[in-house]
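Spelled out, the chains give:
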Amino acid sequence: MMKEIKWGLIFVAAIILWLIIERLTGLHTHNIEYHAIFTNVFAVVAIVIYIIALRDKRASLPNQEMTWLQGFISGLKIAVVVAVLSPAVQLLVHYVISPQFFPNMKSHAIASGMMSETQAEKYFNLTSYMMQSAIGALVMGAITAAIVAFFLKRRS
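Cut-offs and rules
Residues numbered from 1 in each chain as written. Predicted model: local features only at pLDDT ≥ 70, side-chain atom pairs only at ≥ 80, totals over all residues. Heavy atoms only, no water. Helix = DSSP H or I, 4+ residues; strand = E, 2+ residues; numbered from the N terminus. Expected span 1.5 Å × (residues − 1). Bend = angle between axes of the 7 residues up to and from the residue. Axes fitted to C-alpha atoms, helices over the stretch in contact; angles between N-to-C directions. Parallel < 35°, antiparallel > 145°, perpendicular 65-115°, else oblique. Left-handed = near helix turned anticlockwise from the far one by under 90°. Nonpolar A, V, L, I, M, F, W, Y, C, P; charged D, E, K, R; others polar. Core = buried A, V, L, I, M, F, W, Y, C linked by side-chain atoms within 4.5 Å. Buried < 20%, exposed > 50% of the residue type's maximum accessible area, 1.4 Å probe, protein only. Contact = heavy atoms within 4.5 Å. Salt bridge = Lys/Arg side-chain N within 4 Å of Asp/Glu carboxyl O.

Regarding helix 4 (residues 68–97)
Then comes step 1: For helix 4, spanning 30 residues, the distance from its first C-alpha to its last is only 38 Å, which falls clearly below the expected 44 Å at 1.5 Å a residue.
Then comes step 2: Approximately 45° is the largest bend angle found in helix 4, and it occurs at Ser-86, with the proline Pro-87 only one to four residues beyond.

Have a look at this one:
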């Protein structure tokens, strides 16, 4: 379980770094209209982290053999670590790194006609993002783990 904790922490650090980059490039302020597009690029980073993490796991196993199930369970454990830490990450991001994100995103969503004021208030808030990030970490982590484990499984 120590490898999964290590990789879960690395994944969380990558999320925080990514969100700092988003803020510095204006995706939380003057370039907010591009946020929805560029934030999805993090999926590439996430997949790379899972590949490296599961390779690390496989390398630690006898004869460097890993079944799909072993890889999937390892990836799922990483996802659980990320999900458990997600609320704390959201607190850090929205109180320290980018406190203007929610007001800016609400204004953008309303002004662009994507959402009504009521919808924007319900969607762009700390509680909603804490839930979305935790559930997203579990669901996307499980899917990514399943796919990466399939390609990295190795038996003799």
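Now that the structure has been shown, we can carry on.
Considerations on the packing of helix 4 against helix 7 (residues 126–152)
Then comes step 1: In the contact formed by helix 4 and helix 7, the axes pass within 8 Å of each other and the chain directions differ by 160°. Accordingly, the angle class assigned to the pair helix 4 and helix 7 is roughly antiparallel. Every pair of crossing elements has a handedness; the one defined by helix 4 and helix 7 is right-handed.
Then comes step 2: Tallied by class, residues from the contact of helix 4 with helix 7 come to 21 nonpolar, seven polar and no charged.

Overview of the nonpolar core
Then comes step 1: In terms of nonpolar packing, the biggest core is built from 30 residues, with Phe-11, Ile-15, Phe-42, Tyr-50 and Val-82 touching the most fellow members.
Then comes step 2: Of all elements in the fold, only helix 1 (2–24), helix 3 (42–60), helix 4 and helix 7 reach the threshold of two or more residues within this core.
Then comes step 3: Apart from the residues within four sequence positions on either side, Ile-15 is in contact with Phe-42, Val-82 and Val-89.
Then comes step 4: Of all hydrophobic cores here, the second largest spans nine residues; its members include Phe-101, Met-105, Leu-126 and Tyr-129.

A short note on the pattern of salt bridges
Then comes step 1: Counted under the stated rule, the structure contains four salt bridges.
Then comes step 2: Its salt-bridge partner being Lys-3, residue Asp-56 comes within 3.2 Å of it at the nearest N-O pair. Of this pair, Asp-56 sits in helix 3 while Lys-3 sits in helix 1, placing them 53 residues apart in sequence.
Then comes step 3: Among the residues examined, Asp-56 registers a relative accessible area of 19% and is labelled buried.
Then comes step 4: Two residues, Glu-4 and Lys-57, come together in a salt bridge whose shortest N-O distance is 3.4 Å. Of this pair, Glu-4 sits in helix 1 while Lys-57 sits in helix 3, and the two are 53 residues apart along the sequence.
Then comes step 5: Several salt bridges converge on common partners, so that one network encompasses Lys-3, Lys-6 and Asp-56.

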